[in-house]
Amino acid sequence: MSQAKISDAAKARVAEEIKFDILAGVPELEGDNELKRSQIARTFISDTITVPTKEMYSYALLASLGDDVYHEPSTAQHAEQAYSALEAHIANITGKEAGLFMPSGTMSNQIGLRTHLMQPPYTILCDNRAHIYKYEVGGAGFHSGAALTPVAPSNGHHLTLKDVEANIVYGPDVHFAPTEVIALENTLNGTIFPQDDIIAISQFAHSKGIKMHLDGARIWHVAAETGMSLKELLEPFDTASLCFSKGLGAPIGSCLVGSKEYITRARRIRKLFGGGMRQTGFLAGAAAYALTYNFPLLPRVHTLASKLQKSLEDVGVTILSPAETCMVFFDASSIGSNYDEIAERGAALPEPLFLGGSRVVLHIQTSEAAVDDFINLLATIAEEKRKAGFVKPETQANGHPDVYVRRAH
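Positions within a chain are numbered from 1, following the residues in the order the chain's sequence is written. Where totals are concerned, whole chains, interfaces and linings use all residues; where local detail is concerned, this predicted model gives features only for residues with pLDDT of at least 70, and gives and counts side-chain atom pairs only at 80 or more. Heavy atoms throughout the structure, all of them, feed into the side-chain values; hydrogens and water do not.

Colleague: Teacher, can you tell me more about helix α13 (residues 281–294) here?
Modeller: The periodicity of an α-helix, 3.6 residues per turn, causes residues three or four positions apart to be oriented the same way. The end-to-end C-alpha separation of α13 is 19 Å, in line with the 20 Å expected for 14 residues at 1.5 Å each. The cut-offs for exposure are 20% and 50% of the maximum accessible area for each residue type, with area from a 1.4 Å probe on protein chains only; residues under the lower value are buried, those over the upper are exposed, and the others partly exposed. Runs of E in the DSSP output that reach at least two residues are strands. Runs of H or I that reach at least four are helices, and both are numbered from the N terminus. Taken across its 14 residues, α13 has eleven buried, putting it largely inside the fold. Among all positions of α13, only Gly-281, Leu-283, Ala-284, Gly-285, Ala-286, Ala-287, Ala-288, Tyr-289, Ala-290, Leu-291 and Asn-294 are buried. The contact criterion used throughout is that any non-hydrogen atoms of two residues lie within 4.5 Å. On its buried face, α13 sits against α3 (54–60), α4 (84–94), β1 (98–102), α10 (219–226) and α14 (298–314). Here the expected span of a helix is defined as 1.5 Å times the quantity of residues minus one.

Printed below as a string of structure tokens:
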């Protein structure tokens, strides 16, 4: 056998080893996908579990093949927006000069903070329930060498100027790392941060030369509920991160917005973090679809959340944090139960419910039938406990300052 033939055979063997047909058994896979869609409609754990619809996929496939790292304009067929056009659109509707597409909300926040923070020592002031403090793996310390000042809101709902003034660090005392950034979150645990308080904090911060960053992963809910434009909501902030994959239902992506100079620096830091991507038109297309077709679905989500809260109260469940947008927090002990029991009972229903603790999250793919089944489940448990002799205590936990209880696994 010739060397050429041996080489071809070897190459063929390598190709055979490497190949992987993920779509083998497509009919079964399609059935699995439909089952997953039905399960998501009955999942209350998070709004991050929403999946792209067939319509979103079809729309996103029209996106062009421009390269992210080389910053080629990714324009879709028929001049529809994708990638760099998406960044420009988000910058425009938020009133900022430029935007930068990110793979995740955590990366968007962490690069957003890192871009602000030039030279230690410095601190970041935030709510003690904030995502950047509790759920980003200590990223601010690791990536930026920053200390965080987590503050419990004195009103149990949101930080006020009084809270900030009492905890901010500035001045000549060399014993303390000065506050460089105030990072607020809106919504936080589904609650809306009053705009007047944001403005007051922003004016104070800027008077001290302190920057303002917004974790606006769910800012879409605020706009949908209040009717305020994103430009108005983000005007007090120097920078903001907005997520496409939570309330809006895109499969992946966030956008960081700020000044042109800031975003130019952030683009380099994104590359440093390993966040530079290539042909991202498909992802931008999915995000554009979400902005156009999924954002108008958010008021229905808020209506379902309000219905859920009222119905739970009617059966004696104590609400820890009211439904201002898409979340309801409840106290399982107020009906003599616990979160594990409720989750297990929900999972055992003929059409299972998927639950995760004190936090109930509704999303654009939540079915009204699932909400009704959850209400009926808690009503049944409450009645069983009453018949067994449970008496609801006169005083209940007030949910201050952190009402999110994760279910034990």
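Colleague: Looking at this model, I keep getting lost on empty space enclosed by the protein. Mind explaining?
Modeller: It is the rolling of a water-molecule-sized probe over the atoms that shows where space remains empty. Cavity means a closed set of points on a 1 Å grid over the protein atoms alone, one where a 1.4 Å probe fits but cannot get out, pocket means an open set with protein on both sides within 12 Å along at least 5 of 7 lines, and lining means a residue has an atom within 4 Å of a point. Grid points are joined across faces, edges and corners, and a volume is the space filled by probe spheres set on the points. Following the criterion strictly, the structure yields three cavities of 30 Å³ or more and no others. What lines the largest cavity is simply Gly-105, Thr-106, Asn-109, His-131, Glu-136, Glu-185, Thr-187, Asp-215, Ala-217, Arg-218, Ser-241 and Lys-246. When residues of the lining of the largest cavity are assigned to their parent elements, the largest contribution, three residues, is made by helix α5 (residues 105–116). Gly is placed with the polar residues, together with every amino acid not listed as nonpolar (Ala, Val, Leu, Ile, Met, Phe, Trp, Tyr, Cys and Pro) or charged (Asp, Glu, Lys and Arg). Classifying every residue of the lining of the largest cavity by side-chain character gives one nonpolar, six polar and five charged. Within this model, the second largest cavity holds a volume of roughly 50 Å³. Taken together, Asp-127, Arg-129, His-157, His-158, Leu-159, Glu-185, Leu-188, Thr-191, Ile-192 and Phe-193 make up the lining of the second largest cavity. For the lining of the second largest cavity, a count of residues per class yields four nonpolar, three polar and three charged.

Colleague: How should I be thinking about the packing of α5 against helix α12 (residues 260–272) in this particular structure?
Modeller: Axis definition: a line fitted to C-alpha atoms, limited for helices to the stretch in contact. Angles are taken between N-to-C directions and run from 0 to 180 degrees. At their nearest, the axes of α5 and α12 sit 9 Å apart, and the two run at 120° to each other. By the angle class used here, α5 and α12 are oblique. Crossing handedness for the pair α5 and α12: right-handed. Along its contact with α5, which presents Ile-111, Gly-112, Leu-113, Arg-114, Thr-115 and His-116, the element α12 presents Tyr-262, Arg-265, Ala-266, Ile-269 and Arg-270. For classification purposes, an angle smaller than 35 degrees is called roughly parallel, one larger than 145 roughly antiparallel, one from 65 to 115 roughly perpendicular, and anything else oblique. A crossing counts as left-handed when the near helix is turned anticlockwise from the far one by less than a right angle, and as right-handed when that turn is clockwise.

Colleague: So what exactly am I meant to see when it comes to the sheet that holds strand β6 (residues 239–243) here?
Modeller: Sheets are built from strands paired through backbone hydrogen bonds, the pairs being either parallel or antiparallel. Strand pairing is defined by DSSP finding a minimum of two bridges between the two strands. One open sheet accounts for seven strands, arranged β1-β7-β6-β5-β4-β2-β3; its pairing is mixed. This sheet does not close on itself; its edge strands, each paired only once, are β1 and β3 (147–151). Strand-to-strand, the axes of this sheet are offset by a mean angle of 20°, without reference to chain direction. Bridge count for β1 against strand β7 (residues 254–258) is five bridges, and the pairing is antiparallel. Residue pairing in the sheet places Met-102 in a bridge with Ser-254 of β7. Its contacts with the sheet place α12 against β1, β6 and β7, and it is angled at close to 20° to β1.

Colleague: Looking at this structure, I do not really get the UniProt feature "modified residue: N6-(pyridoxal phosphate)lysine" (unreviewed entry) in the protein chain. What am I missing?
Modeller: Under the UniProt annotation, the feature "modified residue: N6-(pyridoxal phosphate)lysine" (unreviewed entry) is placed at Lys-246. In this fold, Lys-246 is placed in the loop between β6 and β7. In this structure, Lys-246 is in contact with Asp-47, Thr-48, Thr-50, Ala-217 and Arg-218, ignoring residues within four places of it in sequence. UniProt positions are given in the numbering used here, feature names are shortened, and annotations may be inferred rather than shown by experiment.

Colleague: What should I look at first to understand the nonpolar core in this one?
Modeller: Soluble globular proteins tend to bury their nonpolar side chains together. By nonpolar core is meant a set of buried Ala, Val, Leu, Ile, Met, Phe, Trp, Tyr and Cys residues that side-chain atoms within 4.5 Å join together. The biggest cluster of nonpolar side chains holds 83 residues, and the ones touching the most others in it are Ile-182, Trp-220, Phe-244, Phe-330 and Phe-374. Phe-374 has contacts with Phe-44, Leu-308, Leu-312, Phe-330, Ile-342, Leu-353, Leu-355 and Val-360, leaving out every residue within four places of it along the chain. If you look at the next biggest cluster of nonpolar residues, it comprises eleven residues, including Leu-117, Tyr-122, Cys-126 and Ala-130.

Colleague: How should α5 be read in this particular structure?
Modeller: With twelve residues, α5 should cover 16 Å at 1.5 Å per step; its first-to-last C-alpha distance of 17 Å lies within 8% of that length. Here α5 lies mainly inside the structure; ten of its twelve residues are buried. If you check the start of α5, you find a side-chain oxygen 3.1 Å away from the backbone N of Met-107, and it comes from Ser-104. Polar contacts, as used here, are pairs of N or O atoms within 3.5 Å; protein pairs need one atom able to donate a hydrogen and one able to accept it. Residues neighboring in sequence count only if both atoms are side-chain atoms.

Colleague: For this particular structure, what's the right way to read a nonpolar patch on the surface?
Modeller: Residues qualify for a patch when their relative accessible area is over 30% and they have no salt bridge, like charges being joined within 9 Å and the nonpolar side chains of Val, Leu, Ile, Met, Phe, Trp and Tyr within 5 Å. With residues, only the protein chains shown are counted as cover, and all accessible areas are computed by Shrake-Rupley using a 1.4 Å probe. Any carboxyl oxygen of Asp or Glu that lies within 4 Å of a side-chain nitrogen of Lys or Arg is treated as forming a salt bridge with it. The grouping of Phe-20, Ile-22 and Leu-23 at the surface amounts to a nonpolar patch, some 380 Å² of accessible area in total. Inspection of the secondary structure puts Phe-20 in the loop between α1 (3–18) and α2 (26–40).

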